[in-house]
Amino acid sequence: MTPRHLASTRTSTRRFTRSLAAIGLALPLALAACGGGDEESDADTEAAETDAAETDADETDADAADDDAADTGAADSDDDAAGGGASGGEQDAGFGGAGHWSAAQLCTLTDLTTMGALFPGVDVVESTGIDEPDWSRCAWDDASIDPLDPASTLFGVDQRDHQGQTFDDSFETIDVPGADQAVFAETFDSDTMSVVLVAVGDQQLSLEFVKDTVGAREVAELVATTWVAMQGT
């Protein structure tokens, strides 16, 4: 083989060796690149799944909030319906206004708790009596006495038309704001019963109670004051 051929062969061998080296370096890089692509793909997939889970959670929370709002709205509607549209304490209590009151409305002027405090140890019952367009009555009675017996009445509220007559000037005048007349009598129709009488316009209220009952007169005057105030509405 001539020197020229030897030189040419050596040159080709060196080129082939460099090519193999280049290929050897390129393969790991290619594999690394492929592996990196898989990792990036996996990361992208996981990120997408995480985003989807978070979206589902947000939608679930939003749905729950909507449900809570709907339940609250329904409860509020039920409460409004139960309130009957009443706009004031007087309407809730069942008070009347100007003019005649029914027996049931007169019963709202006081209650069994107050009566129980006035007459401790007594079984007090509330009852409506007369209930006519021009005369009505509510009474708190001793349950142990026949209700037809006048002695059963512990405290009574009676309203009827007032014909303009002046109360007896022997009665004690009391202060009830707004009343045309207001008096107290230690005894009236019965020796055992005291009474507070008030008149406003063409209406008269009589409050009778067992004589000498501690606190009963004060309750009667308070009831009279409430009734007179409502007559002005």
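Just above sits the structure.
First things first, this report covers the structure right here in the doc. (Residues numbered from 1 in each chain as written. Predicted model: local features only at pLDDT ≥ 70, side-chain atom pairs only at ≥ 80, totals over all residues. Heavy atoms only, no water.)

### Describing the layout of surface pockets
Here is step 1: Estimated volume of the largest pocket: approximately 500 Å³.
Here is step 2: Where the lining of the largest pocket is concerned, the elements lending two or more residues are β1 (124-132), β2 (135-142), β3 (153-161), β6 (193-200) and β7 (203-210).
Here is step 3: For the lining of the largest pocket, a count of residues per class yields nine nonpolar, nine polar and seven charged. (1 Å grid on protein atoms, 1.4 Å probe; cavity = no way out; pocket = protein on both sides within 12 Å on 5 of 7 lines; lining within 4 Å. Points joined across faces, edges and corners; volume = space filled by probe spheres on them. Helix = DSSP H or I, 4+ residues; strand = E, 2+ residues; numbered from the N terminus. Nonpolar A, V, L, I, M, F, W, Y, C, P; charged D, E, K, R; others polar.)

### Concerning the side chain of Thr153
Here is step 1: Of note, Thr153 is situated in strand β3.
Here is step 2: Overall, Thr153 belongs to the buried group, its relative accessible area being 12%.
Here is step 3: Those residues in contact with Thr153, other than ones at most four positions away along the chain, are Arg137, Trp140, Asp141, Met193, Glu208 and Val210. (Buried < 20%, exposed > 50% of the residue type's maximum accessible area, 1.4 Å probe, protein only. Contact = heavy atoms within 4.5 Å.)

### Side note on the environment of Gly94
Here is step 1: Along the chain, the position of Gly94 falls in the loop between α2 (89-93) and α3 (103-107).
Here is step 2: Judged by relative accessible area, Gly94 falls into the partly exposed class, the value being 26%.
Here is step 3: Sequence separation between Gly94 and Gln105 is eleven residues; the distance between their C-alpha atoms is 5.9 Å.
Here is step 4: Excluding residues within four positions of it along the chain, Gly94 makes contact with Gln105 and Thr108.

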